[in-house]
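Take a look at the letters that make up each chain.
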Amino acid sequence: MPSSEPSAPAPAEGPVIDARGLGRSFTVSEGPLLRRRRRTVDAVDGVAFRVRPGETVGYLGPNGAGKSTTMKMLIGLLTPDRGRLRVLGMEPARHRTRLAARIGIVFGQRTTLWWDLPLRDSLALTRHLYRVPPRDHARRLAELTDLLELGPFLHTPVRQLSLGQRMRGDLTAALLHDPDLLVLDEPTIGLDVVSKATIRAFLARLNAERGTTILLTTHDLGDVERLCRRVMVIDHGRLAYDGDLAGLRDRAPGPRTLVVDLAEPGPPVEVPGARCVRRQGPRQWLELEGNPAEVIAEVARNRQVADLTVQEPGIEGVVARLYQGDAALAAADGGE
Amino acid sequence: MRVYCAVFALGLRRYSTYRAATAAAVFTNVVFGLINASVLLALFHARPEINGYDATDAVTHVFVAQALMGPAAVMGPPLELAERIRTGEIAVDLMRPASPLAWWLSHDMGRAAFTVAARSVPTFAAGALVFPLALPDDPARWAWAAGTLVLASLIGFAFRYLYAASGFWLLDAKGVSAVSHLLAPVFAGMLIPLVLFPPPVADVLRVLPWAAMVQVPVEVFLGKDTVPGGGPAGALALQAAWAAVLLGLGALVTARAERRVVVQGG
């Protein structure tokens, strides 16, 4: 965020988050009341990663993979059973309140705002909650109001806000104390395209200009593509991937698609190295199995082609394959 | 401390937005007061004096009790905390650098302060218009009455906090609240003045924490001074003791609940 004052130097030289061999198990009771059996589930099992100051990290995983459990441990709402965890140099579960003063948390599906009162009142409360000097508070509030365009609804009761407006309000509430780490749990869930774009642009700017470290969980891979240089994928309590987005694509290569616009509608194109998966009028989608150049040459030889494009596999497909433990991927993982 | 003052102010403002609900509550309190007063008047017509109460005392009791309905919340509403525990929103609360007990206490005291102005005063005034009520003529007695009102509100909060916190173990505190909201009005002297019970029973009920929300404040207002130790100071000391015990219990339960959530992941 643009600021007239120099921002405070990052207090931690070391990593913002340092997790080593992090694990957490739960005991669950199953079955009918009289024949109840107890079973131990490893929700998180030996997760290790470091997040450096200024990084934006996407934390992905299917429901039940251990995402929320990890998040809860990071913010001190849950004690790890095993391993070592430091967030901003603190042990979260032990120093939850002290840590809370230095992290901002937004749960996409929950709100910290006062439902029946104007948004302004909830935001004013954070000043006392985090003991922010009045001048700093006023300055940050003005900046955030400007960046997130809160002006038109600052005086509106929260219950009357749209979901997108409420989310911008929640983000503001989480950032008014200028946290070093922002933890977002599905920040764009349920939002329309425009609201998502606003929030993503804001987060990118926050990270670039303020250097705020951001850790976000999401099922919306648009968030990841737009924001995260680094992605961690958790599945069955273990880290299945930790690296950049390009690496994730390479690691779980999906088929590329050749979109062919023929001069006129016709039967499915049949060429070696490609398979027609969809037809719509003169347009056909071919899943590429062989060399794209050869396939394109072959298609052009057989049919009259108006236009051609090659589509990369979407990140959705890549992650879905990763979750499913794709056979090809398992082979690629064999060395580790 | 500043944050709790701010929460108090927000609690007050928040409840001031529920205008229709407030008007409905005043209406209910007044109507219930009128019915209750008529029944007691019939009773006192047959017996002019029962265990130190005359007809005017009884009717005054009814309207002070109705006026306490808002601030002491003997019959609810339950704290929102209960719902937040049930839905898991409590996680958001636990992430605030503030004590949950103090947070909800300030919030509820904001609510209580609003209900004193918007419910207690009109309800009592309506009663005074219809019936001759026994008003204290000593200004000091009014001051004692104000103190007893604050303590009654604290006790009312502490009870509801404990009910709500039971949700950490029971998942849903509705059952606990339902039972307590049925029994509390009887034990408190809200439904009928405790003096209508046989004196030995009344004497026991009077020193229990429920009575500290209604019967004890009413007797301070009426100048009855029946609490052992005598005088309004004794009554307020009894209330303060119960407030301390219940809030202390609340703090203990909070610590246990936090540990349960954080360690067991409950």
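Residues numbered from 1 in each chain as written. Chains lettered and ligands numbered in written order. Predicted model: local features only at pLDDT ≥ 70, side-chain atom pairs only at ≥ 80, totals over all residues. Heavy atoms only, no water.

For chain B, the name recorded in an unreviewed UniProt entry is ABC-2 family transporter protein, with Nocardiopsis suaedae as its organism.

Applied cut-off: UniProt positions are given in the numbering used here, feature names are shortened, and annotations may be inferred rather than shown by experiment.
An unreviewed UniProt entry annotates chain A as ATP-binding cassette domain-containing protein of Nocardiopsis suaedae. Regarding chain A, the relevant UniProt record gives this comment under Subcellular location (unreviewed entry): "Cell membrane".

1. Quick look at the overall build of chain A
Quick reminder of the rule: Starting at the N terminus, helices and strands are each numbered in turn, a helix being any DSSP run of H or I of at least four residues and a strand any DSSP run of E of at least two. Each residue is placed in one exposure class: buried if its accessible area under a 1.4 Å probe, protein chains only, is under 20% of its type's maximum, exposed if it is over 50%, and partly exposed if it falls in between. Whether two residues are in contact is decided by their heavy atoms: any pair within 4.5 Å suffices. Per-residue and other accessible areas were derived by the Shrake-Rupley procedure at a 1.4 Å probe size, with only the shown protein chains allowed to occlude residues.
Scanning chain A from N- to C-terminus turns up eleven helices and 13 strands. Counting all 336 residues of chain A, 48% fall into the buried class. The long-range fraction of contacts in chain A, counting pairs at least 24 apart against all pairs at least 6 apart in sequence, stands at 68%. Of the roughly 16,300 Å² that chain A leaves accessible, carbon and sulfur atoms contribute 49%.

2. Side note on the UniProt feature "transmembrane region" (unreviewed entry) in chain B
The feature "transmembrane region" (unreviewed entry), as given by UniProt, occupies residues 20-44, 141-163, 175-197 and 236-255 of chain B in the numbering adopted here. Along residues 236-255 of chain B, the helical share is 100% and the strand share 0%, with 28 Å between the first and last C-alpha atoms.

3. Structural notes on the sheet that holds strand β1 (residues 17-30) of chain A
Where strands meet in a sheet, backbone hydrogen bonds hold them as pairs that are either parallel or antiparallel. Residues and elements named next belong to chain A. Basically, it comes down to this: The rule for pairing is simple: two strands pair if DSSP sees at least two bridges between them. To get an axis, fit a line to the C-alpha atoms, keeping to the stretch in contact for a helix; angles then go from 0 to 180 degrees between the N-to-C directions.
The strand order β2-β1-β4 describes an open sheet built from three strands, whose pairing is antiparallel. At either end of the open sheet lies a strand with only one pairing partner, and these are β2 (37-51) and β4 (82-87). Strand after strand, the sheet turns through a mean of 35 degrees between neighbouring axes, direction not considered. The pairing of β1 with β4 spans five bridges and is classified as antiparallel. Residue pairing in the sheet places D18 in a bridge with R86 of β4. Packed onto the sheet, helix α1 (residues 67-74) meets β1, β2 and β4 and runs at close to 120 degrees relative to β1.

4. Brief notes about the packing of aromatic side chains
The condition is simple: Working definition: rings of Phe, Tyr and Trp (its six-membered ring) pair if their centres are within 6.5 Å, and the pair is stacked with planes under 30 degrees apart, edge-to-face with planes over 60 apart, and tilted otherwise. Lysine NZ or arginine CZ positioned within 6 Å of the ring centre and within 35 degrees of the ring normal marks a charge as sitting over the ring.
With the rule as written, the count across this model stands at eleven aromatic pairs over all chains. Where B:W142 meets B:F221, the ring centres are 5.3 Å apart and the plane angle is 85 degrees; that geometry is what we call edge-to-face. Here the residue B:W142 occupies a position in helix α7 (residues 139-165), and B:F221 occupies one in helix α11 (residues 215-222), the gap between them amounting to 79 residues. Judged by its relative accessible area of 40%, B:W142 is partly exposed. Judged by its relative accessible area of 8%, B:F221 falls in the buried class. A cation over an aromatic ring shows up here: A:R278 above the ring of A:W285, its NZ or CZ 4.1 Å from the ring centre. Looking at B:R96, its charged tip hangs above the ring of B:W103, at a distance of 3.6 Å from the centre.

5. Comments concerning unusual backbone geometry
Only a minority of non-glycine residues have a phi that is not negative, and only a minority of peptide bonds are not trans. Here B:G76 and B:P77 are connected by a cis peptide whose omega angle stands at 5 degrees. Residue placement: B:P77 occurs in the loop between α3 (55-72) and α4 (80-87). Positive phi, normally seen in glycine, also occurs at A:R131, with a value near 50 degrees. Here A:R131 shows up in the loop between α3 (119-129) and α4 (134-147). Taking relative accessible area as the criterion, A:R131 reaches 70% and is therefore assigned exposed. Positive phi, close to 50 degrees, is recorded for A:H236, a residue that is not glycine. Here A:H236 is to be found in the loop between β8 (230-235) and β9 (238-244). Overall, the relative accessible area of 66% leaves A:H236 in the exposed class.

6. Things to note about the pattern of salt bridges
Rule in force here: In what follows, salt bridge is the name for a side-chain nitrogen of Lys or Arg lying within 4 Å of a carboxyl oxygen of Asp or Glu.
This model, assessed by the stated rule, comprises 39 salt bridges over all chains. In this structure, A:R200 engages A:D223 in a salt bridge whose closest nitrogen and oxygen atoms are separated by 2.6 Å. Note that A:R200 is positioned in helix α6 (residues 193-210) and A:D223 in helix α7 (residues 221-227), a separation of 23 residues in sequence. For A:R200, a relative accessible area of 14% translates into the label buried. For the salt bridge of B:R86 with B:E83, the shortest nitrogen-to-oxygen distance reads 2.9 Å. Note that B:R86 and B:E83 are positioned in helix α4 at a spacing of three residues, about one turn of the helix. Among the residues examined, B:R86 registers a relative accessible area of 40% and is labelled partly exposed. Each of A:D18, A:R20, A:R50 and A:R84 takes part in a single network of salt bridges with overlapping partners.

7. Section: the interface of chain B and chain A
What counts, and what does not: Buried area is a sum: the accessible area each of two parts loses on coming together, probed at 1.4 Å, counted once for each and added. A 3.5 Å cut-off defines polar contacts: any pair of N or O atoms within that distance qualifies, except that in protein one atom must be a possible hydrogen donor and the other a possible acceptor, and neighbouring residues in sequence count only when both atoms are side-chain atoms.
Of the residues lining the interface, 29 residues belong to chain B; the matching set on chain A comes to 27 residues. Here chain B meets chain A over a buried area of about 2,500 Å², counting both sides, of which 65% is carbon and sulfur. Inspection of the chain B/chain A interface yields three salt bridges. As a salt-bridge pair, B:R14 and A:D116 come within 3.3 Å of each other at their nearest N and O atoms. Our enumeration of links across chain B and chain A arrives at seven residue pairs in polar contact (both at pLDDT 80 or more). Listing elements by their share of the side of chain B that touches chain A, those giving two or more residues are α1 (2-16), α4, α5 (90-94), α6 (100-130) and α12 (231-264) of chain B. The element best represented in the side of chain B that touches chain A is α1(B), accounting for eight residues.

8. Digging into the sheet that holds β9(A)
Residue and element names in this part refer to chain A. Reading across the sheet, the six strands line up as β5-β6-β7-β3-β8-β9 and stay open at both edges, with mixed pairing between neighbours. Every other strand in the sheet has two partners, leaving β5 (103-107) and β9 as the edge strands with one partner each. Each adjacent strand pair in this sheet contributes to an overall mean axis angle of 15 degrees, direction not counted. Two elements, strand β3 (residues 56-60) and β8, share four bridges in a ladder whose sense is parallel. Along β8, the bridge assignment pairs G58 with V231. Against the sheet, helix α5 (residues 163-175) touches β5 and β6 (181-185), its axis set at about 160 degrees to β5.

9. A closer look at the pairing of β8(A)
Residue and element names in this part refer to chain A. In terms of burial, β8 is largely enclosed, as six of its six residues are buried. Side chains R230, M232 and I234 of β8 all project onto a buried face; the interleaved residues V231, V233 and D235 project onto the opposite face, where all are buried too. As paired elements, β8 and β9 share six bridges and run antiparallel to each other. The residue bridging M232 from the neighbouring strand is D242, located in β9. Hairpin remark: β8 followed by β9, antiparallel, with two residues in the connecting loop; positive phi at H236, about 50 degrees.

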